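Observations on the three-dimensional arrangement
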Amino acid sequence: MHFDPNNHVIKLCTQGMDIEGRPEEASKLFMQAWHEATKDFERFIASHYVARHQKVLRIN
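Right, let's walk through the structure included here. (Residues numbered from 1 in each chain as written. Predicted model: local features only at pLDDT ≥ 70, side-chain atom pairs only at ≥ 80, totals over all residues. Heavy atoms only, no water.)

**Things to note about the nonpolar core**
Keep this limit in mind: Residues belong to one nonpolar core when they are buried, are Ala, Val, Leu, Ile, Met, Phe, Trp, Tyr or Cys, and are joined through side-chain atoms within 4.5 Å. Accessibility here uses a 1.4 Å probe with only protein chains present; expressed as a share of the type maximum, an area under 20% marks a residue as buried, one over 50% as exposed, and anything in between as partly exposed. Per the convention used, a helix needs a DSSP run of H or I reaching at least four residues, while a strand needs a run of E reaching at least two, with both numbered from the N terminus. The contact rule is simple, with two residues in contact once any of their heavy atoms fall within 4.5 Å.
Ranked by size, the top nonpolar core spans 14 residues in total, and within it Val9, Cys13, Phe30, Ala33, Ile45, Ala46 and Tyr49 carry the most contacts. Among the secondary structure elements, those contributing two or more residues to this core are α1 (8-18), α2 (23-36) and α3 (40-52). In contact with valine 9, other than residues within four places in its own chain, are Ala33, Glu36, Ala37, Glu42 and Ala46.

Pasting the structure below:
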């Protein structure tokens, strides 16, 4: 699998990973990547990071 470092969605996800210590800002970049993805591969990558930053719903 080839990751093109010049791909806009990959760049957004990379920027988000760089600031994961600031989860709200990182989540915005991951959501932007999701909304701007046009190919299945881009959606797959973006969705991974969006999911990592979702709040967990606990039902007891």
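**Structural notes on the environment of aspartate 4**
Heads up, the rule is: Distance and chemistry together define a polar contact, namely a pair of N or O atoms within 3.5 Å, with one atom able to donate a hydrogen and the other to accept it when in protein, and with adjacent residues in sequence counting only for side-chain atoms on both sides.
Residue position: aspartate 4 is located in the segment before α1. Among the polar contacts made by the side chain of aspartate 4, one reaches the main-chain amide nitrogen of asparagine 6 at a distance of 2.9 Å.

**Some thoughts on the packing of α1 against α2**
As a reminder of what qualifies: To obtain an axis, a line is fitted to C-alpha atoms, over the contacting stretch when the element is a helix, and the angle between two such axes runs from 0 to 180 degrees between their N-to-C directions. Should an angle fall under 35 degrees it is called roughly parallel, over 145 degrees roughly antiparallel, and 65 to 115 degrees roughly perpendicular, with every other angle called oblique. In a left-handed crossing the near helix is turned counterclockwise from the far helix by less than a right angle, and in a right-handed crossing that turn is clockwise.
Interaxial distance between α1 and α2 falls to 8 Å at its minimum, and their mutual angle equals 170 degrees. As judged from the angle between their axes, α1 and α2 are roughly antiparallel. Our pair here, α1 against α2, has a crossing hand that is left-handed. Every residue of α2 that contacts α1 at His8, Val9, Leu12, Cys13, Gln15, Gly16 and Met17 is listed here: Ala26, Leu29, Phe30, Gln32, Ala33 and Glu36.

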